[in-house]
Structures are given as C-alpha cells and as structure tokens.
Amino acid sequence: MSKYAPLWEYIAERGECALTFADIERVLGFAVDHAFLSAKKELCEYGYKVGKISLKNKTVELVKLG
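Reading the values: rules and limits
- Residues numbered from 1 in each chain as written.
- Predicted model: local features only at pLDDT ≥ 70, side-chain atom pairs only at ≥ 80, totals over all residues.
- Heavy atoms only, no water.
- 1 Å grid on protein atoms, 1.4 Å probe; cavity = no way out; pocket = protein on both sides within 12 Å on 5 of 7 lines; lining within 4 Å.
- Points joined across faces, edges and corners; volume = space filled by probe spheres on them.
- Helix = DSSP H or I, 4+ residues; strand = E, 2+ residues; numbered from the N terminus.
- Nonpolar A, V, L, I, M, F, W, Y, C, P; charged D, E, K, R; others polar.
- Buried < 20%, exposed > 50% of the residue type's maximum accessible area, 1.4 Å probe, protein only.
- Pairing = 2+ DSSP bridges.
- Phe/Tyr/Trp six-rings, centres within 6.5 Å; stacked < 30°, edge-to-face > 60°.
- Arc of directions from axis to C-beta.
- Contact = heavy atoms within 4.5 Å.

## Considerations on the layout of surface pockets
What the largest pocket holds in volume is close to 190 Å³. Within the residue set of the lining of the largest pocket, elements represented by two or more residues are helix 2 (21-28) and helix 3 (35-39). For the lining of the largest pocket, a count of residues per class yields eight nonpolar, one polar and one charged.

The structure is reproduced here in structure tokens:
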C-alpha cells in the first residue's frame, strides 16, 4: 500500500477539487516532498489525475479522468 493511499481515497470521496499543501499534509499526517510528484500517477487508479500544481499558491488541482 502506498503511503499516499489515504490522500487518494480522500480525493476519490470528495471529487474534483483544489487542495492546499497544508490540506494534503493534514490528510496524510506528514509533509509532502518531491516524492509526491512521482507518486501522483497512483491517483489514476482512483479515477483522478493531478492537474495544475501551483508552487506560488501552494495548491494542487485534482481532476476526474475521462
């Protein structure tokens, strides 16, 4: 099981949204780092993908596939 599974499940339940880095860290219980960028492909298994990542605004856009 991926350490990001709680986040992917949260997104699948919530639907399309934009989350702040703080939101993501709250759901996961740990700070996100560059490993998140390589793990984001796991989200496809839950029917979503990572859209725009804004370092300036510290947000991640999550979009439903298809």
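Having seen the structure, we can now continue with the description.
## Quick notes on the pairing of strand 1 (residues 17-20)
Of the two faces of strand 1, the one holding Cys17 and Leu19 is buried and the one holding Ala18 and Thr20 is not buried anywhere. With four bridges joining them, strand 1 and strand 3 (residues 59-64) adopt antiparallel strand pairing. Pairing of Leu19 across the sheet is with Val60, part of strand 3.

## Some details on the environment of Glu45
With respect to the helices and strands, Glu45 occurs in the loop between helix 3 and strand 2 (48-54). A relative accessible area of 69% means that Glu45 is categorised as exposed. Residues Glu45 and Leu65, spaced 20 residues apart in sequence, show a C-alpha to C-alpha distance of 10.0 Å.

## Section: the packing of aromatic side chains
Taken as a whole, this structure holds four aromatic pairs when the rule is applied. Each member of the aromatic cluster is reached from another via a ring pair, and the members are Tyr4, Trp8, Phe30 and Phe36.

## A look at helix 1 (residues 5-14)
Among the residues of helix 1, those classed as buried are Ala5, Leu7, Trp8 and Ile11. For helix 1, the arc enclosing every buried residue in end-on projection is 160 degrees, short of the 170-degree limit, so these residues lie on one face. Turning to helix 1, the residues buried within the fold contact strand 1, helix 2, helix 3, strand 2 and strand 3. Looking one or two residues beyond helix 1, the residue adopting positive phi is Gly15, at roughly 95 degrees.

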